[in-house]
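Below, each chain spelled out in residue letters.
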Amino acid sequence: MSYTNDLDGRAQLCRDVILSAGALVLEGFENGRAADFSMKGPQDYLTETDAASEAHIRQRIASAFPDDSFFGEEGGGDIRERVWVVDPIDGTANFARGIPHFCISIGYVEENVAKLAAIYNPALDELYFCRAGEGATRNGQPISAARTARFDMASVELGWSTRIPNAQYLEAMTRLLDKGANVRRAGSGAMALAYVADGRSDAYVELHMNSWDCVPGLLLVAEAGGRVCPFFEIGSLQTGGAVLASAPAIADGVSDAVGIVLAEPLGRRERHHAA
Ligand code: IPD
Ligand code: CA
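It should be emphasised that the depicted structure is a prediction, and the values quoted were computed from it without experimental measurement. (Residues numbered from 1 in each chain as written. Chains lettered and ligands numbered in written order. Predicted model: local features only at pLDDT ≥ 70, side-chain atom pairs only at ≥ 80, totals over all residues. Heavy atoms only, no water.)

K.L.:
If you had to explain the packing of aromatic side chains to someone new, which residues and values would you point to?
P.N.:
As enumerated under the stated definition, the model contains 8 aromatic pairs in all. Considering the side-chain rings of Phe71 and Trp212, the 5.5 Å spacing of their centres and the 55° angle between planes classify their relative orientation as tilted. Of this pair, Phe71 sits in strand E3 (residues 69-72) while Trp212 sits in helix H6 (residues 211-223), and the two are 141 residues apart along the sequence. Residue Phe71 is classed as buried on the basis of its relative accessible area, which comes to 11%. Each member of the aromatic cluster is reached from another via a ring pair, and the members are Phe29, Phe95 and Phe102. Over the ring of Trp160 we find Arg185, and its NZ or CZ is 4.7 Å from the ring centre. A cation sits over an aromatic face here: Arg200 above Tyr195, 4.9 Å from the ring centre. (Phe/Tyr/Trp six-rings, centres within 6.5 Å; stacked < 30°, edge-to-face > 60°. Helix = DSSP H or I, 4+ residues; strand = E, 2+ residues; numbered from the N terminus. Buried < 20%, exposed > 50% of the residue type's maximum accessible area, 1.4 Å probe, protein only. Lys NZ or Arg CZ within 6 Å of the ring centre and 35° of its normal.)

Now the structure itself:
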């Protein structure tokens, strides 16, 4: 398969490779290889399928676009002007324990501007995809962030890791609960961001995420009409940063509760016609 050396070609490759990696990951899940896990650190699961998925994605991108750089969760890489940011399995703890809530997350970024995002849950065969400026989709159908305007109707997902002290998460959770929100934790930050884009969840907050976990999901939420933090200003591809994504009507309240700032919302014109 050959791809044109432009954003159209990269969009096509992005969709193709996330589906083929999804088939590989699902095969590992269904054939019991997921249960054969090791630990990279406290609460940090690793399976052979994580490495196999990343190697597959890395090889296909390198062969189609040899001048693009690649930054992945398992093998690292380098970050140049054009970079693919890849999580080969997000929600590895779910994957390893037989819970079908995990995904592959791929973003394409040019000079610190996210241009393409794809998140795929192979167990449900749900592919979230967007190009900057063209709106977000699930399996080709347009999606929108929820219209939820009341905290006593809102479901907010909070993620955490050992990278930030527990007390800070507990404070964020208390403040969200005090506002009346239902606070959940489903174990895949990338999937959680796709669910905010899809209106299945009202917000996602995590005080630190790595870029492969959040850059694709943040673009999906912005393209679906949600509000997001200015990730490239408050964090970076190399170091990660704080993450907030929300349905628009409760975004200011979530931001106040957890102390993460919001970017200006994308205008209608930018969302639907920007390059
Ligand atoms: C983790 C998950 C988790 C989030 C962590 C991530 P992994 O990624 O997305 O929900 O809270 O910050 O590191 O280990 O499943 O790829
Ligand atoms: Ca991850």
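K.L.:
Mind laying out the site of ligand 1, listing which residues take part and the relevant values?
P.N.:
Around ligand 1, a shell composed of 16 residues is seen, among which Asp90, Gly91, Arg163, Gly189 and Glu206 lie nearest. In the model, an oxygen atom of ligand 1 is placed 2.7 Å from a nitrogen or oxygen of the Arg163 side chain. A distance of 2.5 Å separates an oxygen atom of ligand 1 from a polar side-chain atom of Glu206. Isolated, ligand 1 exposes 380 Å² of accessible area, and the fraction of that covered by the protein chains is 90%. Secondary structure elements with two or more residues in the shell around ligand 1: strand E5 (82-90) and strand E13 (203-209). No other element matches E5, which puts 3 residues into the shell around ligand 1. A per-class count over the shell around ligand 1 returns 3 nonpolar, 5 polar and 8 charged. Each of domain 1 (7-142) and domain 2 (151-274) accounts for three or more of the residues forming the shell around ligand 1. (Near = heavy atom within 4 Å. Polar contact = N/O pair within 3.5 Å; in protein donor to acceptor, adjacent residues only side chain to side chain. Areas by Shrake-Rupley, 256 points an atom, 1.4 Å probe, with all protein chains shown as cover. Nonpolar A, V, L, I, M, F, W, Y, C, P; charged D, E, K, R; others polar. Domains from an automatic or database assignment.)

So yeah, pure geometry; function would need other evidence.
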